[in-house]
Amino acid sequence: MEGGAARCEKFTCRECERISQTPAPFHALPRGFAGPSLLAMILFEKYGQHQPLNRQSERYTREGIDLSVSTLADQVGGCAALLRPIYELIHAHVFAGARVHGDETTVPVLAKHPCRKGRLWTYVRDDKPFAGPAPPAAVFFYSRDRTAEHPERHLAGYAGILQADAYAGFNRLYDANREPGPIIQASCWAHGRRKFFELADVAAKARGALSVLAPLAVEAVKHIDAIFDIEREINGRSIEERLTVRRERVTPLVAELESWMRAQRAKLSRHSDVGKAMDYMLKRRDTFARFLADGRICLTNNAAERALRGIALGRKSWLFAGSDRGGERAAVMYTLLQTARLNDVDPQAWLADVLARINDHNIQRLDQLLPWNWKTDTAKLAA
């Protein structure tokens, strides 16, 4: 019976004096007591619904089930280790793409005094915007700090397009002499627009949160929004179609925006907030314009930001990771759950099935358990 202790009774035959015993029940974890469905529920509640283990323990106690926080933590750790091969397959799939989105966010980590600020990094492969056939996936990594060595390690074997913000820690990755090859930098227009949008926020001005409404920022947002409108039209089209539309309709708008910003910047003080927002884009003109010559590049890095959104929401609930090991487990589980969601797969149902099958599954064919393959197999069985 799932979630409880099971006994294997022995039976003796009086005639032949042989003893028979029913096989021991399957357990996803060695010497475990919880079945795959219960384990999947605990994992999904913690990482998918942002319910920390102490709240889950309290809920089970109210239902008459004694599951301490330490017991639940042991189950989570065991599952993270068991599912690590699936994590590695997703990791390899993400960096086999020609283009990835990269971003990171803070993760408070419990310490003796104030919490330390650890980091969760994500890299997302999503070829849907240019009609690519490969399934989308996201891989996460944990680190104790934000130094450049971490993205350099994550991307050590990658040579392709990286869509990211202007974080300086990525800079050495763009070196032309880098092995196995330079990574091509593509800047995020959402980051560039955000700086103007904050200065043009009419609602904030009405609330008194913004002292002055900047007319030039309003004008800049209008210019950039015209580019976004066209990009929405070609989202999901082939590389060739995207390039054709960009040459005909977007390239003139980008050139017009650059000319306008240079003309206006010359009139502004170097301390001007609008001027600084213009500098952010003008100094990176080449990386902002790179999408015009490559149909695989998106206008924004929103794919990575969406992948991190659940963590930002969850921080308000679980407050901190218990340790560096907890951060590493979180990276594994967020990788699995976010990849399942990107492929329109129910994360909890998928986890329950994988936990039930992975121990007996052919290690050479573990790719069959990846969310996109699992979804196809499930659909065939349902038919």
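Conventions adopted
- Counting starts from 1 at the beginning of each chain's written sequence and moves along it residue by residue.
- Only residues with pLDDT of at least 70 get local features here, since the model is predicted, and only at 80 or more are side-chain atom pairs given and counted; chain-wide, interface and lining totals rely on the full set of residues.
- Note that the side-chain values use all heavy atoms of the structure and ignore hydrogens as well as water.
- The secondary structure listing takes helices from DSSP runs of H or I that are at least 4 residues long and strands from runs of E that are at least 2 residues long, numbered from the N terminus.
- To sort residues, take the accessible area from a 1.4 Å probe on protein chains only and compare it with the maximum for the residue type: under 20% means buried, over 50% means exposed, and anything in between is partly exposed.
- Residue contacts are defined here by distance: any two heavy atoms, one from each residue, within 4.5 Å place the two residues in contact.
- We count Lys and Arg on the positive side and Asp and Glu on the negative side, and we leave His and both chain ends out.
- A single reference atom marks each charge: NZ on Lys, CZ on Arg, CG on Asp, CD on Glu.
- Here a pair means two rings of Phe, Tyr or Trp (six-membered ring of Trp) with centres within 6.5 Å. Their orientation is stacked below 30 degrees between planes, edge-to-face above 60, and tilted elsewhere.
- Only when the NZ atom of a Lys or the CZ atom of an Arg is both within 6 Å of the ring centre and within 35 degrees of the ring normal do we say a charge sits over the ring.
- For each structure, a 1 Å grid was placed over the protein atoms alone; sets of points admitting a 1.4 Å probe that cannot get out are labelled cavities, open sets with protein on both sides within 12 Å along at least five of seven lines are labelled pockets, and lining residues have an atom within 4 Å of a point.
- Grid points are joined across faces, edges and corners, and a volume is the space filled by probe spheres set on the points.
- Note on residue categories: nonpolar means Ala, Val, Leu, Ile, Met, Phe, Trp, Tyr, Cys or Pro, charged means Asp, Glu, Lys or Arg, and polar means any other residue, Gly included.
- When DSSP finds at least two bridges between two strands, those strands are taken to pair.
- Between N-to-C directions, angles span 0 to 180 degrees; the directions come from axes that are lines fitted to C-alpha atoms, helices contributing only their stretch in contact.
- Polar contacts, as used here, are pairs of N or O atoms within 3.5 Å; protein pairs need one atom able to donate a hydrogen and one able to accept it. Residues neighboring in sequence count only if both atoms are side-chain atoms.
- A pair is scored as a salt bridge if a Lys or Arg side-chain nitrogen falls within 4 Å of a carboxyl oxygen belonging to Asp or Glu.
- pLDDT is a per-residue confidence score from the predictor, ranging from 0 to 100.

Chemist: Before we move on, could you go through the overall build of the chain and cite the residues and values that matter?
Modeler: When you go through the chain residue by residue, the secondary structure sums to 15 helices and seven strands. Structurally, the chain occupies a C-alpha span of about 105 × 50 × 40 Å along its principal axes. Burial status across the chain gives 48% buried among its 383 residues. Considering only contacts in the chain between residues 6 or more positions apart, those separated by 24 or more positions represent 64%. Taking the average place of the 55 positive charges on the side chains of the chain and the average place of its 45 negative ones, the gap between the two points comes to 4 Å.

Chemist: Residues and numbers for the packing of aromatic side chains, please.
Modeler: A complete count under the given rule lists ten aromatic pairs for this structure. Look at Trp189 and Phe291: their rings are 5.8 Å apart centre to centre, the planes differ by 75°, and that puts the pair in the edge-to-face class. Taken as a pair, Trp189 in helix H6 (residues 189-199) and Phe291 in the loop between helix H11 (285-289) and helix H12 (302-318) lie far apart in primary sequence, 102 residues in all. Neither residue differs from the other here; Trp189 and Phe291 are each classed as buried. These aromatic residues form a ring-pair network of at least three members: Phe95, Tyr123, Phe141 and Tyr158. The ring centre of Tyr47 lies 5.2 Å from the NZ or CZ of Lys46, which sits over that ring. Of note, Lys195 hangs over the ring of Tyr280, and the distance from its end group to the ring centre comes to 4.6 Å.

Chemist: Describe in detail empty space enclosed by the protein, supporting the description with residues and values.
Modeler: Counting across every chain of the model gives one cavity of 30 Å³ or more. Along its surface, the largest cavity is lined by Trp189, Val254, Leu257, Glu258, Met261, Met281, Leu282, Arg285, Phe288 and Ala289. Residue assignment for the lining of the largest cavity shows that the elements contributing at least two residues are helix H9 (239-265), helix H10 (273-282) and H11. Residue contributions to the lining of the largest cavity peak at four residues, all from H9. The residue inventory of the lining of the largest cavity, partitioned by class, reads eight nonpolar, no polar and two charged.

Chemist: So what's going on with the sheet that holds strand E7 (residues 184-187)? Residues and values would help.
Modeler: Reading across from one edge, E5-E4-E3-E6-E7 is the order of the five strands in this open sheet, with mixed pairing throughout. The sheet is open, and its two edges are formed by strand E5 (137-143) and E7, each paired on a single side. Each strand axis lies, on average, 30° off the axis of its neighbour in the sheet, ignoring direction. Strand direction decides the pairing type here: strand E4 (residues 116-125) and E5, joined by seven bridges, are antiparallel. In the strand pairing of E5, Arg125 is matched with Ala137.

Chemist: I'd like a rundown of the side chain of Glu104, residues and numbers included.
Modeler: One can find Glu104 in strand E3 (residues 99-109). Engagement of the side chain of Glu104 in a polar contact is seen with the side chain of Arg146, the distance being 2.8 Å. If we ignore the near neighbours within four places in the chain, the residues touching Glu104 are Arg119, Leu120, Trp121, Arg146 and Leu308.

Chemist: Report on the pattern of salt bridges, specifying residues and quantitative values.
Modeler: Using the criterion set out here, one finds 19 salt bridges in the structure. Arg119 serves as the salt-bridge partner of Glu104, at 2.7 Å between the closest nitrogen and oxygen. One end of the pair, Glu104, is in strand E3; the other, Arg119, is in strand E4, with 15 residues separating them in the sequence. Here Glu104 and Arg119 have matching classes, each one buried. For the salt bridge of Arg232 with Asp229, the shortest nitrogen-to-oxygen distance reads 2.8 Å. Here Arg232 pairs with Asp229, and both are found in helix H8 (residues 215-234), just three residues apart, close to one helical turn. Connected through shared salt-bridge partners, Glu258, Arg262, Arg285 and Asp286 make up one network.

Chemist: Can you break down unusual backbone geometry residue by residue, with the values?
Modeler: Glu179 connects to Pro180 through a cis peptide bond whose omega is 10°. As for its placement among the helices and strands, Pro180 is situated in the loop between strand E6 (161-164) and E7. Residues other than glycine seldom take positive phi values, yet His50 does so here, at roughly 65°. Turning to its location among the elements, His50 is positioned in the loop between helix H1 (36-48) and helix H2 (53-62). Residue class for His50 comes out buried when judged on its relative accessible area of 17%. One non-glycine residue with positive phi stands out, namely Ala131, at about 60°.

Chemist: An account of the confidence of the model for the chain is needed here, citing residue identities and associated values.
Modeler: Averaged over all residues, the pLDDT of the chain equals 90, while 91% of them reach at least 70. In the model, residues 1-6 has pLDDT below 50 throughout and makes ten contacts with residues more than four positions away in sequence or in other chains.

Chemist: Give me the lowdown on the pairing of E5, citing residues and values where you can.
Modeler: Extensive coverage of E5 is indicated by the burial of seven of its seven residues. Along E5, one buried face is formed by Ala137, Val139, Phe141 and Ser143 and the opposite face, lined by Ala138, Phe140 and Tyr142, is buried too.

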